[in-house]
Amino acid sequence: MKHNLSSAAKAIATKSKHSKYLNQLVRVDQAGELAADYIYKGQLMVFKHTELKPLITHMWEQEVHHHKTFDTLQTEGRVRPSLLTPVWRIAALSLGFLTAIRGKESAMACTEAVETVIGGHYNSQLRYLLEAEMKTKEGNEGIENLKKIVSEFRDDELEHLETAVANDAHGAKPYWLLTEVIKKGCAAAIKIAERV
Ligand SMILES: [Fe+2]
Ligand SMILES: [Fe+2]
């Protein structure tokens, strides 16, 4: 779907009582989508000559679109990028690559864990944006557009989550440990990337 990025970026760049929240939102989501891009890139390095290639390529392409969209919102919205961007890049590529090396089930468990956390993260942002949209008169259009973007991406992430479960994520060993460690790591990274 084509989104009106400039109106969303304008709402982000404009000083308002939502400025702090919107800045954090763009910073953390840009870092998160960059990480997603690199996780799938890492998985593809392992699976490029297997029957998993089309499936992972499809999800990866969606992440590249998410990543590019937040790059634009960050630049046009004049938001400072996360200072830890090089760390997110290496951590995400390693996570994707190393779980994929353990096999299809582990790669899918990684996707399931990541997308569970990101889906919840986007949902909490959508609640804020919905409230902000209802309360503000000016800048409404920009916030509404941002809400549409986040909502579309949330749907994509939940589709990735379902794909992972349908592709034996639960067969990973040790499933519980692997997914809990990844979920905890993602939640911590979100907290850090909002600020740093
Ligand atoms: Fe994404
Ligand atoms: Fe995703």
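Preceding block: the structure.
Since the structure is predicted, the reported quantities are computational estimates derived from the model, not experimental observations. By convention here, each chain's residues receive numbers from 1 onward along its written sequence. Following the order in which they are written, the chains are lettered starting with A and the ligands numbered starting with 1. Only residues with pLDDT of at least 70 get local features here, since the model is predicted, and only at 80 or more are side-chain atom pairs given and counted; chain-wide, interface and lining totals rely on the full set of residues. Only hydrogens and water are removed before side-chain values are computed, so all heavy atoms of the structure are retained for them.

**Student:** Sorry if this is basic, but what is going on with the packing of aromatic side chains here?
**Tutor:** Describing an aromatic ring pair means giving the distance of the ring centres and the angle of the ring planes. Aromatic contacts are taken between Phe, Tyr and Trp rings whose centres are within 6.5 Å, Trp giving its six-membered ring; a plane angle under 30 degrees counts as stacked, one over 60 as edge-to-face, and the others as tilted. Tallied over the full model, the rule gives two aromatic pairs. An angle of 10 degrees between the planes, with centres 3.5 Å apart, marks the rings of Y21 and Y128 as stacked. A residue pair is termed long-range when its members are at least 10 positions apart, and Y21 in helix α2 (residues 19-47) and Y128 in helix α5 (residues 104-135) qualify at 107 residues. Residue class for Y21 comes out partly exposed when judged on its relative accessible area of 23%. For the ring pair F70 and F153, a centre distance of 5.9 Å and an interplane angle of 65 degrees mean the geometry is edge-to-face. Residue F70 is found in helix α3 (residues 53-76), and its partner F153 is found in helix α6 (residues 140-166); the two are separated by 83 residues along the sequence. Side by side, F70 and F153 carry an identical accessibility label, which is buried. Here K41 stacks its cationic end above the ring of Y38, 4.1 Å away from the centre of that ring. Put simply, DSSP H or I for four residues or longer makes a helix, DSSP E for two residues or longer makes a strand, and each gets a number counted from the N terminus. Think of it in three bands: with a 1.4 Å probe and only protein chains considered, a residue is buried below 20% of the maximum accessible area for its type, exposed above 50%, and partly exposed in between. When the NZ atom of lysine or the CZ atom of arginine is within 6 Å of a ring's centre and also within 35 degrees of its normal, the charge is said to sit over that ring.

**Student:** I would appreciate a short explanation of helix α7 (residues 175-195) in the present structure.
**Tutor:** Residues lying three or four places apart along an α-helix face the same way, a consequence of the helix completing one turn every 3.6 residues. Helix span is expected to be 1.5 Å times the residue number reduced by one. Over its 21 residues, α7 extends 31 Å from the first C-alpha to the last, a length consistent with the 30 Å expected when each residue adds 1.5 Å. Inspection of α7 places L178, T179, I182, C186, I190, A193 and E194 among the buried residues, and these make up the whole buried set. For α7, the angular spread of the buried residues around the axis is 120 degrees, confining them to a single face. Looking at α7, the residues exposed on the side facing more than 90 degrees away from the buried face are W176, V181, K184 and K191. Throughout, a residue-residue contact means that at least one pair of heavy atoms, one from each residue, lies within 4.5 Å. Buried residues along α7 sit in contact with α2, α4 (85-101) and α5. This arc corresponds to the set of directions leading from the helix axis out to the C-beta atoms.

**Student:** Explanation requested: the coordination of the iron ion (ligand 1) in the structure shown.
**Tutor:** The protein atoms that coordinate the iron ion (ligand 1) are E33 (OE), E33 (OE), E63 (OE), H66 (ND1) and E157 (OE), at distances of 2.0 to 2.7 Å. As a rule, N, O and S atoms within 2.8 Å of a metal are its donors, except that Na, K and Ca use 3.2 Å; water is not among the atoms, so sites may look incomplete. When the donors of the iron ion (ligand 1) are listed by position in the chain, the intervening gaps give E-x29-E-x2-H-x90-E. Between the iron ion (ligand 1) and the iron ion (ligand 2), a separation of 3.8 Å is found, and both are coordinated by E63. One end of the pair, H66, is in helix α3; the other, E157, is in helix α6, with 91 residues separating them in the sequence.

**Student:** Looking at this structure, how should I read the environment of G171?
**Tutor:** Relative to the elements of secondary structure, G171 occurs in the loop between α6 and α7. Along the chain, G171 and M108 lie 63 residues apart, while their C-alpha atoms are 9.1 Å from each other.

**Student:** How do you make sense of unusual backbone geometry when you look at a structure like this?
**Tutor:** Negative phi is the rule for most residues except glycine; trans is the rule for most peptide bonds. The step from K173 to P174 runs through a cis peptide bond, and the omega angle for that step is -5 degrees. Within the fold, P174 resides in the loop between α6 and α7. Even without being a glycine, R78 presents a positive backbone phi close to 55 degrees. Locating R78 in the fold gives a position in the loop between α3 and α4.

**Student:** I would appreciate a short explanation of the layout of surface pockets in the present structure.
**Tutor:** Space left empty within the atom packing is revealed by a probe, the size of a water molecule, rolled over the atoms. Within this model, the largest pocket holds a volume of roughly 430 Å³. Along its surface, the largest pocket is lined by 25 residues, and G32, A35, I39, C186 and A189 are the ones closest to its centre. If one sorts the elements of the lining of the largest pocket by residue count, α2 sits on top with eight residues. For the lining of the largest pocket, the per-class residue count stands at 18 nonpolar, three polar and four charged. The method works on a 1 Å grid over the protein atoms by themselves. A cavity is a set of points holding a 1.4 Å probe that cannot get out, a pocket is an open set with protein on both sides within 12 Å along at least five of seven lines, and residues with an atom within 4 Å of a point line them. Grid points are joined across faces, edges and corners, and a volume is the space filled by probe spheres set on the points. Following the grouping adopted for this structure description, the nonpolar residues are Ala, Val, Leu, Ile, Met, Phe, Trp, Tyr, Cys and Pro, the charged ones are Asp, Glu, Lys and Arg, and the polar ones are all others, Gly among them.

**Student:** Just checking my understanding: could you explain the pattern of salt bridges for this structure?
**Tutor:** A side chain with one charge may pair with a side chain of the opposite charge, provided their charged atoms come close. When a carboxyl oxygen of Asp or Glu is within 4 Å of a side-chain nitrogen of Lys or Arg, the pair counts as a salt bridge. Across all of its chains, the model carries six salt bridges by this definition. With its nearest N and O atoms 3.9 Å apart, the salt bridge here joins K148 to E144. With K148 and E144 both in helix α6 and four residues apart, this pair spans about one turn of that helix. The exposure class of E144 is partly exposed, given its relative accessible area of 32%. Within the structure, one salt-bridge network assembled from shared partners comprises E180, K183 and K184.

**Student:** Looking at this structure, I do not really get the nonpolar core. What am I missing?
**Tutor:** As a rule of thumb, nonpolar side chains are buried together in soluble globular proteins. Put simply, buried Ala, Val, Leu, Ile, Met, Phe, Trp, Tyr and Cys residues joined by side-chain atoms within 4.5 Å make one nonpolar core. Among the nonpolar cores identified, the biggest contains 40 residues, and F70, L73 and L146 are the most heavily contacted of them. Put simply, the parts of the chain that give this core at least two residues each are α1 (5-13), α2, α3, α4, α5, α6 and α7. The element contributing the most residues to this core is α5, with 10 residues. With residues up to four places along the chain from it excluded, the contact list for F70 reads L25, V26, D29, Q30, E33, Y122, V150 and F153. Core analysis: the second largest hydrophobic core is formed by 11 residues, L52, I56, M59 and A169 among them.

These results come straight from atomic positions and should not be treated as a statement about function.
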